[in-house]
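The primary structure of each chain is shown beneath.
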Amino acid sequence: MEQTLQDSVLVADYINGDEKSLEILINKHSHRIYSFIFSKVYDKDITEDIFQDTFIKVINTLKRGNYNEEGKFLPWVMRIAHNLVIDHFRKNSRMPKFEGSDDFNIFSVLGDQSLNIEKQIIKDQVETDVKNLIDELPDDQREVLIMRMYKDMSFKEIAQQTDVSINTALGRMRYAIINLRKMVEKNQIVLTN
């Protein structure tokens, strides 16, 4: 409790113009944050870059007055670092992006079971992103897509359950995929493999 209180006091002091308070906060938590980042990327230079970016984000957020994690400074900073690690992996050239070609399959990303931690973090984020995109689809398209991709139903079964023709079910699936592609491009979401 004492550490939490000290962090919130230091944050408040920094927000009120005491630059030294931020230095104390960074020094206090730097080892833990640095170690966390390194445990994900296993590269000293990349770790230092992400560590710096983390505190640039912290400073910008505090200066804008957008900090509202009262008493939870370290978990908040760790969340920022975690998000930057994910961003790094997504932008990393070792992780190819799917292009919007005809053979694009948004769901092939979700199938790999033999993942290391790096890929698991990305897979979890991709699944969240895909679920959020699916939630934005029109009801009829979302229903067909969920039945096909998550319940592994045939188009014949989907047509029977939704009381439409097979062609209508196929059309809804096609439009769902087209709309997902458009949302991925519009929101510049990187779906990595």
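Residues numbered from 1 in each chain as written. Predicted model: local features only at pLDDT ≥ 70, side-chain atom pairs only at ≥ 80, totals over all residues. Heavy atoms only, no water.

**Q** Is there a simple way to think about helix H2 (residues 19-41) in this case?
**A** Side chains of residues three or four places apart in an α-helix project in the same direction, reflecting 3.6 residues per turn. Of all bends in H2, the biggest is about 55 degrees, found at Ser-30. Burial in H2 covers these residues: Ser-21, Leu-22, Leu-25, Ile-26, His-29, Ile-33, Phe-36, Ile-37, Lys-40 and Val-41. A side-chain oxygen of the first residue of H2 lies 3.2 Å from the backbone nitrogen of Lys-20; this N-cap is Asp-18. Backbone geometry just downstream of H2 places Tyr-42 in the positive-phi region, at approximately 50 degrees. (Bend = angle between axes of the 7 residues up to and from the residue. Helix = DSSP H or I, 4+ residues; strand = E, 2+ residues; numbered from the N terminus. Buried < 20%, exposed > 50% of the residue type's maximum accessible area, 1.4 Å probe, protein only. Polar contact = N/O pair within 3.5 Å; in protein donor to acceptor, adjacent residues only side chain to side chain.)

**Q** Help me out: how do you make sense of the packing of H2 against helix H3 (residues 44-64) in this one?
**A** Packed helices, taken two at a time, are described by the angle their axes make and the gap between the axes. Interaxial distance between H2 and H3 falls to 9 Å at its minimum, and their mutual angle equals 140 degrees. By the angle between their directions, the pair H2 and H3 is classed as oblique. In the crossing of H2 with H3, the sense of the turn from one axis to the other is right-handed. Contacts between H2 and H3 involve Glu-19, Leu-22, Ile-26, Ser-30, Ile-33, Tyr-34, Ile-37, Phe-38 and Val-41 on the former and, on the latter, Lys-44, Ile-46, Thr-47, Glu-48, Ile-50, Phe-51, Thr-54, Phe-55, Ile-59, Leu-62 and Lys-63. (Axes fitted to C-alpha atoms, helices over the stretch in contact; angles between N-to-C directions. Parallel < 35°, antiparallel > 145°, perpendicular 65-115°, else oblique. Left-handed = near helix turned anticlockwise from the far one by under 90°. Contact = heavy atoms within 4.5 Å.)

**Q** What exactly am I supposed to notice about the pattern of salt bridges here?
**A** Close approach of charged atoms allows side chains of opposite charge to pair. Applying the stated rule across the entire model yields seven salt bridges. Where Lys-63 meets Glu-19, a salt bridge forms, and the shortest distance between an N and an O atom there is 3.6 Å. Within this pair, whereas Lys-63 is found in helix H3, its partner Glu-19 is found in helix H2, the two being separated by 44 residues in sequence. Given the relative accessible area of 55%, Lys-63 is considered exposed. By relative accessible area, which is 49% here, Glu-19 ends up partly exposed. For Asp-140, the salt bridge identified is with Arg-172, shortest N-O distance 3.5 Å. Here the residue Asp-140 occupies a position in helix H6 (residues 139-149), and Arg-172 occupies one in helix H8 (residues 166-186), the gap between them amounting to 32 residues. The exposure class of Asp-140 is partly exposed, given its relative accessible area of 31%. (Salt bridge = Lys/Arg side-chain N within 4 Å of Asp/Glu carboxyl O.)

Geometric values such as these leave the question of function open.
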